[in-house]
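Working through the structure, step by step
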Amino acid sequence: MENREDSPAYEQVPTPPERGLLHIWKSAGPSEELCLERVLLSRPVLQVTLGEHHGLLLTQGSQVYSFGELLWRDLSIPLSAPVLEESLLGKSVVRVAAGGFHCGALSEQGNVYMWGENTAGQCGLTEKGTVTNTTVSEPCPVSVVDSEVVPPAVVRVMDLACGREHSLALSSQNELWAWGSGCQLGLVTNNFPVWRPQKVEHLAGRHVIQVACGAYHSLALVRSLLPQNTTQRPPEKKERGQSPHSSVTEREESFAVDDAHYCPLGVELTEVLIGETTPRRKGPRRRLHPVGRSAGSSPGSGAGSCPYSGDGKSSTTQMLPQLDGHADNLTQTDGRPVSHPLSCWGANKNSAFPDEMELQNLLQKLSGHSLEMQPVSGPGDTDSLSSQTSDDSCVSSTPSTDLLISSNSGVSGPYSSSPVCLEEVRLCLEAEKKALQGQKSSSLTNIHQKGKTAGNRRRSLPGTPTHGSPRRRRPCACRPSSASRTQAAASEEAGDGLPSMETEVWSWGRGSEGQLGHGDQLARLQPLCIKSLTGEEVIKVAAGSHHSLALSAQCKVYSWGSNMCGQLGHGNSPVTVPQQAKLSDGLRVWDVSAGQSHSLLLADGDCVQPILLYCGQHQDSLSGQSKRSHQSQRSCQRSPSRAEIYSVRPTLLPLCMEMGYISSVRCGGQSCAVLADQNVMGFISAIHELASRERHFYCWLSNTRKLLLTPLRNREGVCPTLGEPCTHLFFSLCESFVRLSIMIGRHATSLSYFLHDVQGRDVTSLLLLTHTDDFQDIYKEYCSALGNFQVMGGFQSLHKLSLEFLGSQRSMLAQLCVPNQAVSGDADLVSLLYWPLEQLHQYSRVLLKLAACYDVLTEEYQYLHQGCGQYESLSLSLLRRKKEAETTFVFWKSHSGKNTEVLRLPQRRVVCESSNRSLTLQKAGRFSNHWFILFNDALVHTQSSIPSQNFFSTHHVYPLTCLWVKPVTEDTSGLYAIKITCPEESFTLVASTPQEKNKWLRSLNQAVDQVLGGGGQGSSPGVTAISRTASYTFTGEGRFKDAHYTGGWLAGRVHGRGTMKWPDGRTYTGNFKNGLEDGYGESVMPDKVLNKPDSYQGQWRDGKIHGFGKYKYASGEVYEGCFYEGQRHGYGMLSSGKQARTSSSVFIGQWIQDRKTGYGVYDDITRGEKYMGMWLDDQRNGSAVVVTQYGVYFEGTFKENKMIGPGLLLSDDDTAFHGDFSDDWTVNGKGVLSLANGDCLEGLFSGEWSTGLKVTGTYTKPAADEPENKERNSLFRLGQYLVPSAQRWGCVFTECWSRLGCDAAGRGERSTAWENIAVTITTAQRHSPNLSRSQSKALESLEFIPPQGEAVTTANFDNIRRYFIKACETPIHPLGWLVETLVTVYRMTYVGVGSNRRLLRQAVQEVQAYLTHFYCLVRFLFPGLPEDGGIIPDPPASPTKSRHNSNIEGIVVVSCSSLLLPLLLPRLYPPLFTLYSLQEEQEEAQYWERILRLNKQPDQSLLSFLGVQEKFWPVWMSILGEKKQIVSSSKDACFVSAVETLQQISTTFTPSDKLMVIQKTFEELTQEVKPMLDGDFLWCMDDLLPLFLYVVLRARIRNLGAEVNLIEDLMDPNVQHGEMGLMFTTLKACYIQIQHESTL
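No experiment lies behind these values; they were computed from the predicted model shown. (Residues numbered from 1 in each chain as written. Predicted model: local features only at pLDDT ≥ 70, side-chain atom pairs only at ≥ 80, totals over all residues. Heavy atoms only, no water.)

Some details on the overall build of the protein chain
Put simply, the rule is: Numbering of helices and strands runs from the N terminus, with a helix taken as a DSSP run of H or I at least four residues long and a strand as a DSSP run of E at least two residues long. For every residue, the accessible area obtained with a 1.4 Å probe (protein chains only) is divided by the maximum for its type, and the residue is called buried under 20%, exposed over 50%, and partly exposed between those limits. In what follows, a contact means two residues having at least one pair of non-hydrogen atoms within 4.5 Å. Note that accessible areas follow from Shrake-Rupley with a 1.4 Å probe, and for residues the cover is restricted to the protein chains shown.
Secondary structure summary: the protein chain contains 32 helices and 65 strands in total. When the 1640 residues of the protein chain are sorted by exposure, 55% land in the buried category. The long-range share in the protein chain, meaning contacts at least 24 apart out of those at least 6 apart in sequence, stands at 58%. By element, 50% of the accessible surface of the protein chain is carried by carbon and sulfur atoms, the whole surface being about 70900 Å².

Here it is in structure tokens:
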């Protein structure tokens, strides 16, 4: 089957493939004598393209073949044996193009290759060619380079088109590039040929979809720009404006006027109709006054022209001037004269030029620019097809040449370079005028066109405003732009992979035969939009030698240009504006191609197999041309010879049925070609059937929209007739119909494209498979809109409106009816508009056919089978919806009445009802009548005392979203009951028979299931969505009265997460359980007095605030802590305001039943006092400590919020008083006052401490040798009235125990505690989506719990320790919360005013109490841990390992300080170390003064002063690796390593870490001393102490006394008597020595 890559086609025995079959024949009409030639190649042909006398084939494998007259090689290749273009092998060619006498190929990478005739530069400047080459014999690359970017970039080309003397390339950026010669390039240049591809700047910024080349003109299909300024037209003109599908001959002039549009000749206009001047033209311009306006034309309409002012600059008038003495006017249908669009220059009183002289001046100026000549001809080729010898040539656009004259002479020959004279112009114009008056006129327009066509023609006349370059576009304010595009159509450009139908056709080049479509025979140097095709949904353009074709998405063909041989398919006169080809009814064209004097159309007929339609001359007309010489074949005629035998409309070619399934057609020269496929396994026929049905469907949609919906919607009486609700529904129906129509149109277009390249496309790329969701959504939307309109009875009124509108034209509706429909009543409109739903079944059927062509294991089969099931399921679903809508309409029609209209809603569908008394309410009264109606969204219970179906006194609507259905088990009573549960009530329904019960039960469950988003099929009775999410508004009395709830439900009760909103502004968002708030939730409660809301975030239980949370009061107070049944209870912190308030305070401590009771700390920020003690009922009561910002310290007893009873008071200067107090800071009774100097005053005291005391007593001054009075000293001992540290923060630990599920400390199940921990972590992961990555990883690591039931050994102790570290670092974990809370209360106690040195002992004891309580929690979770100070044995048969804990003979000793202090102390360190520093402040001052003084000495002097033996004195020091000798003046050079190590003691927090620093300091000291000594060395204290004293001095450690005391107080007792204890004692001794310098 396969050819070798380098073998010519004729060397192989061709085996015809099943795809890509090629048929070629000469264009001769439908005669039976056609010589059909079938090209047999072993490879499928992917593309065929035809030139004048040659052609190219692209086959599978990217092989390119040539055939025909290859003049550039002097070869004539028969079609039966095409020659392989070997130079293109390996180039991955994907496209080929044939011009008149040259060829082009495009590679997959976007590279262009050209060969053939190059006299006009149409092959470009190739690598192998030069400017002087007239032919390029072999394919050579042509570079398309964008030089406007920096650096210049190579442009990737995706399409190629060739004419006779020019070539066009479409880039992947949808920009157009051109090279060659002539005005058909669209370039602003006067230098021809253009050898290098240049960008067509006039289309820059626009999205070019397709390009086509005629002999000397070009066409481009461009995506329309979105309207920039759309306003509604007046109602009387709205009808036509809203239908972009109306034909060219039926639409009025409706387009926007741009202020930067272009003259048809391509010269920029300087002024628009409103007189605005473009930015380019700064000077004033003389305005030409209009001489008149044709009836019905408007500013900006086609009745404008391009006259020029005397200076050669163009200006615009609103009317074309007449050239001779009498006007040759056409007549409109209403009898009014219309100026002929022919632009004739003449001198009469109505001319735009005031006199003959001005015309002379103009022509004199024009004649000054001669036509450039470059005569080039090849040997024996006197009529070479170059732009210079063609009679269609035109002057290039230059800055000084504004008007371009196109020759109208029929004489062939080169132009003269002499100036154009006035007489020649007159003769030319008279000849054209005479030709216009003939019966078969070759003038600008067809004089037999009717008025509407003439009206449309005016849009494309000279001077018609068009959309110019997007870079210069500005909205015009002179008139509102057209609103013809609907909103749905305008939003198509979405880049969703669907082809666009919002397109425009642009043309440029020569127009001598009207092939540009602008209503004249003038040439265009730059692209100009054919306005009459805008909005016609053109999807393809084709260009013949002198005529043009456009194919619309509605399968209509528009043609214009030369019609000498009937190639236009409509009439026998040439037309200069697009007209629709005359096609027989039922024919839908989906591919077109144009040749030299014929056109070929590919259309859908009565069967699936496509048919061919031909337009052009017949066989007999070609007989006289059979003897034409080779030279004459190459000649170019301005007007081709008129064929004598041709038909007016396209005719069928019977031979098409023998060719198979044709996928594309191609014309060129006088030949025709088609590509066809054989129907293998039914695949090809299935694809063609799908495409044909979709095109037929879209045509039907367009006609329905145009003939029925749009006129009805735009009718003035639509709102009064339908009523306001139905009018809105009808408009919604129309909009959904438009969206459906657009989707189907784009799909049909895509399928046509798919068929053109069926061999290279994957079946899984069908839009039905890739855009399934889009199709389903649009069909569902349309079906819903249709059903809603039907349910509300809109079709009855619409039928009346349609009768008024159509009147006697009922036949218009008949052509829209599909088979099996009649036109008799309003039901016809229903069936008519429901017909599109049947297309879904066709999709399913065709996809099933396609799937049958593949093996069941292939991917294609899976895609197709899945798509088949989806569309069939959707079809059945929508048919059910249709039936529901019909049933509902009948129901409302039979139960019409004022009362029932209340229940009639567009989206509501009736499911079943109990009008036959099949269902009643249990225990209903004898005389009450109950009627139940089940809709798709609600169950309605109506009740009345009159047994009538149409009358009821009351009704209640139960939304199905909040309705639970449960069958009642049949008991002895024999009732067939169903229990209905609603959020606020429940009732029981009784059916008359078991069958009725099952029917209602099934219907209720299916309706509930469907309204909740299920399929509504096969739901088991009674189990439909017990748990669900829904919205409901409560109406009954209770806490939720009038509240609206959205969230989870369980069996009729609020359950799960949801939001409750009350009318008064209250809101709750959080968890519910059994109808009440339960779990975490956030609530807002307005305070009407303060006009601010209270807010709460935290835990709830049984509808009340319960658990831990944060409450923000409207007064500004904030409480964060525990609640119990809505009251503050347990640990909590209350902040009573900001610093700026008059009274600002913070309380942290224990609460009982919303009152401060127990231990707590109260910081009165306003007074500068802090209370630390017991409370009772919001009053200070019991032992307490008070400190003030002035350094006053008080400890004693309080009662009823006052200092009452004995107490101890110390001032900042160490004055102390012990005695009885009667009020705050008020002394009253016995007491002892000790002064700072030791004097003492004892007696009766009264008065306030701050204002002065009255004393009656004895003053004592102790003697120097008097023994210490122990009894008196005991009175001033601190800590007498303190609350024991173990009792201070019990509420915090109680809350932690409760979080573990324990009622009290140690009372609870361990398994329950671990379950609570797991629930807490899981809940945090689920409800905290904003967790950081590190937090998520920490929570994941806490999910792995170390074994807690077995004995703890050294092997698993590290796992437990690591778990506690992670738990304490995670605030979500109960232990992490405990650590954070303890740090909070500690800082609240000892920061700020609490930084009083007399609180140090209390602070240290509090830390030790934390450790004790904490270790109880740890041992509860891990009972295998020993008691405080216990040992952990090694596991059996495991070598002992040393640990960082205290180690005795390899056995680990565990204490609360060693395990927990490293976790807790670093966070408590700042306030604690501050207290130590304050306590040692005086000693620190003495220590630091001696440090500074002693460090002034050099090293050797200091060592000698300290008594260090000289053998320990270092001799050398190392600086940056270099050894230097220590001299007597050296300073800070000895024992540097040990000094730096000891300085790190200030960077550590725990005593164990600080001891490790001391140990490392000794090790460093030993390492530095060892090199100075020989042999083994052991320290003795006499040698060590002085040396270590030197290190301490040089380390210059601030607050060393605080460091020593902290280590001594909190170090692990197990290391006090070991090696580390000895080292610590040495450091302490050094500190004491430094303080007492006199002993040094």
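Considerations on the environment of Q515
Of note, Q515 is situated in the loop between β22 (503-509) and β23 (524-529). Taking the relative accessible area as the measure of exposure, Q515 reaches 0% and is therefore buried. Setting aside residues no more than four positions away along its own chain, Q515 makes contact with H217, R510, H546, H547, S548, W560 and G561.

Structural notes on the confidence of the model for the protein chain
Formally: Per-residue confidence from the predictor is reported as pLDDT, a score between 0 and 100.
The pLDDT averaged across the protein chain works out to 77; a share of 74% of its residues lies at or above 70. In the model, residues 266-356 has pLDDT below 50 throughout and makes 211 contacts with residues more than four positions away in sequence or in other chains. Low pLDDT (under 50) marks residues 358-429, which in the prediction has 114 contacts with non-local residues, meaning those over four places away or in another chain.

Side note on the pairing of strand β29 (residues 598-604)
Where we set the bar: The rule for pairing is simple: two strands pair if DSSP sees at least two bridges between them.
Of all 7 residues in β29, 7 are buried; the element is thus mostly enclosed. On β29, burial covers both faces: H598, L600, L602 and D604 on one face and S599, L601 and A603 on the other are all buried. In the sheet, strand β28 (residues 588-594) pairs with β29 via 6 bridges, with the strands oriented antiparallel. Bridged to V592 within β29 is L601. Once β28 ends, the chain turns through 3 residues before running back antiparallel as β29. Sheet topology places β29 next to strand β30 (residues 611-616); 6 bridges connect them, and they run antiparallel. Bridge pairing in β30 links H598 to G616.

What to know about the packing of aromatic side chains
Spelled out, the test is: Here the aromatic set is Phe, Tyr and Trp, taking the six-membered ring for Trp, and pairing holds for ring centres within 6.5 Å; pairs whose planes are under 30 degrees apart are stacked, those over 60 apart are edge-to-face, and all others are tilted. Geometrically, a charge over a ring is one whose NZ (Lys) or CZ (Arg) sits within 6 Å of the ring centre while staying within 35 degrees of the ring normal.
Per the stated rule, a full pass over the model turns up 62 aromatic pairs. Where F1194 meets F1221, the ring centres are 5.0 Å apart and the plane angle is 75°; that geometry is what we call edge-to-face. Taken together, the residues span a long stretch of sequence, with F1194 in strand β55 (residues 1193-1199) and F1221 in strand β57 (residues 1216-1223) at a distance of 27 residues. Take F1194 and F1221: they sit in the same class, and that class is buried. For the ring pair F1217 and F1221, a centre distance of 5.8 Å and an interplane angle of 80° mean the geometry is edge-to-face. On the accessibility criterion, F1217 (0% relative accessible area) is buried. A cation over a ring is seen here: R1299 above W1377, with NZ or CZ 4.2 Å from the ring centre. The aromatic ring of W1488 is capped on one face by R1598, whose charged end is 4.3 Å from the ring centroid.

Quick look at unusual backbone geometry
A cis geometry characterises the amide bond from V150 onward to P151, with omega recorded as -5°. Inspection of the secondary structure assignment puts P151 in the loop between β12 (145-146) and β13 (153-154). The linkage connecting F192 with the following residue, P193, adopts the cis geometry, with an omega of -5°. Within the element layout of this structure, P193 appears in the loop between β16 (176-180) and β17 (194-199). A positive phi angle is found at N174, which is not glycine, with a value near 60°.

A look at the pattern of salt bridges
Just so we agree on the cut-off: When a carboxyl oxygen of Asp or Glu is within 4 Å of a side-chain nitrogen of Lys or Arg, the pair counts as a salt bridge.
Using the criterion set out here, one finds 39 salt bridges in the structure. Across the pair E901 and R904 runs a salt bridge whose closest N-O atoms are separated by 3.3 Å. What makes R904 buried here is its relative accessible area of 13%.

Looking at the packing of helix α29 (residues 1551-1569) against helix α32 (residues 1619-1635)
Convention followed: Axes here mean lines fitted to C-alpha atoms, for a helix over just the part in contact, with angles spanning 0 to 180 degrees between N-to-C directions. With respect to orientation, any angle under 35 degrees is reported as roughly parallel, any angle over 145 as roughly antiparallel, any angle of 65 to 115 as roughly perpendicular, and every other angle as oblique. Any residue that is not Ala, Val, Leu, Ile, Met, Phe, Trp, Tyr, Cys, Pro, Asp, Glu, Lys or Arg is counted as polar, Gly included; the first ten are nonpolar and the last four charged.
For the pair α29 and α32, the least separation of the axes is 10 Å and the interaxial angle reads 80°. Between α29 and α32, the angle falls in the class roughly perpendicular. Mapping the contact onto sequence places L1555, M1556, I1558, Q1559 and F1562 in α29 and E1619, M1620, M1623, F1624, T1626 and L1627 in α32. Its residues assigned to classes, the contact of α29 with α32 shows 8 nonpolar, 2 polar and 1 charged.

Brief notes about the sheet that holds β28
Read across the open sheet, the 4 strands follow the order β28-β29-β30-β31; overall the sheet is antiparallel. In the strand order of this sheet, the two ends are held by β28 and β31 (651-652), each with one partner. Contacts from helix α7 (residues 683-714) reach β28 and β29 within the one sheet, and its direction differs from that of β28 by about 105°.

Notes on the packing of helix α31 (residues 1600-1610) against α32
Our working rule: Throughout, a crossing is termed right-handed when the near helix is turned clockwise from the far one, and left-handed when it is turned anticlockwise from it by less than a right angle.
Relative orientation of the contacting elements α31 and α32 amounts to 145°, with a least axis distance of 10 Å. Judged by the sense of rotation from one axis to the other, the crossing of α31 with α32 is left-handed. Facing L1600, G1601, V1604, I1607 and E1608 of α31, the residues of α32 in contact are F1624, L1627, K1628 and Y1631. For the contact of α31 with α32, the class distribution of residues is 6 nonpolar, 1 polar and 2 charged.

Describing helix α15 (residues 838-851)
Quick reminder of the rule: Multiply 1.5 Å by the residue count of a helix minus one, and that product is the helix's expected span.
The terminal C-alpha atoms of α15, which comprises 14 residues, lie 20 Å apart, in line with the 20 Å expected from a rise of 1.5 Å per residue. Among the residues of α15, those classed as buried are Q839, L840, Q842, Y843, S844, V846, L847, L850 and A851. Packed against the buried residues of α15 are α7, α9 (724-756), α10 (767-770), α11 (772-791) and α16 (859-894).

Digging into the sheet that holds strand β37 (residues 938-944)
Overall, antiparallel pairing links the 4 strands, which are arranged β34-β36-β37-β38 in an open sheet. Each having just a single partner strand, β34 (910-913) and β38 (954-959) make up the two edges of the open sheet. The average angle at which neighbouring strand axes cross in this sheet is 20°, direction not considered. In terms of strand pairing, β34 meets strand β36 (residues 929-935) through 3 bridges, oriented antiparallel. The residue bridging E913 from the neighbouring strand is I933, located in β36.

Focus: the side chain of E996
The criterion, for reference: None of His or the chain ends enter the tally, which takes Lys and Arg as positive and Asp and Glu as negative.
Tracing the chain through its elements places E996 in helix α17 (residues 994-1011). Here E996 occupies a buried position and makes no salt bridge, while the nearest side chain of opposite charge, K999, is found at 4.1 Å. Every residue in contact with E996, bar those within four places of it in the chain, is listed here: S918 and A991.

A closer look at the environment of W508
Quick reminder of the rule: Identification of polar contacts relies on pairs of N or O atoms within 3.5 Å, with a donor-acceptor requirement for protein atoms, meaning one able to donate a hydrogen and the other able to accept it, and with residues adjacent in sequence counted only if both atoms are side-chain atoms.
Here W508 lies in strand β22. Expressed as a C-alpha distance, the spacing of W508 and Y216, which sit 292 residues apart in the sequence, is 9.0 Å. A polar atom in the side chain of W508 sits 3.5 Å from the backbone oxygen of L185.

What about helix α26 (residues 1481-1494)?
With 14 residues, α26 extends 20 Å between its outermost C-alpha atoms, agreeing within 8% with the 20 Å of an ideal straight helix rising 1.5 Å per residue. In this structure, the buried side of α26 is in contact with α27 (1499-1506), α30 (1581-1595), α31 and α32.

Observations concerning the environment of S172
Residue position: S172 is located in the loop between β15 (166-171) and β16. Apart from residues lying up to four places away in sequence, S172 is in contact with R156 and M158.

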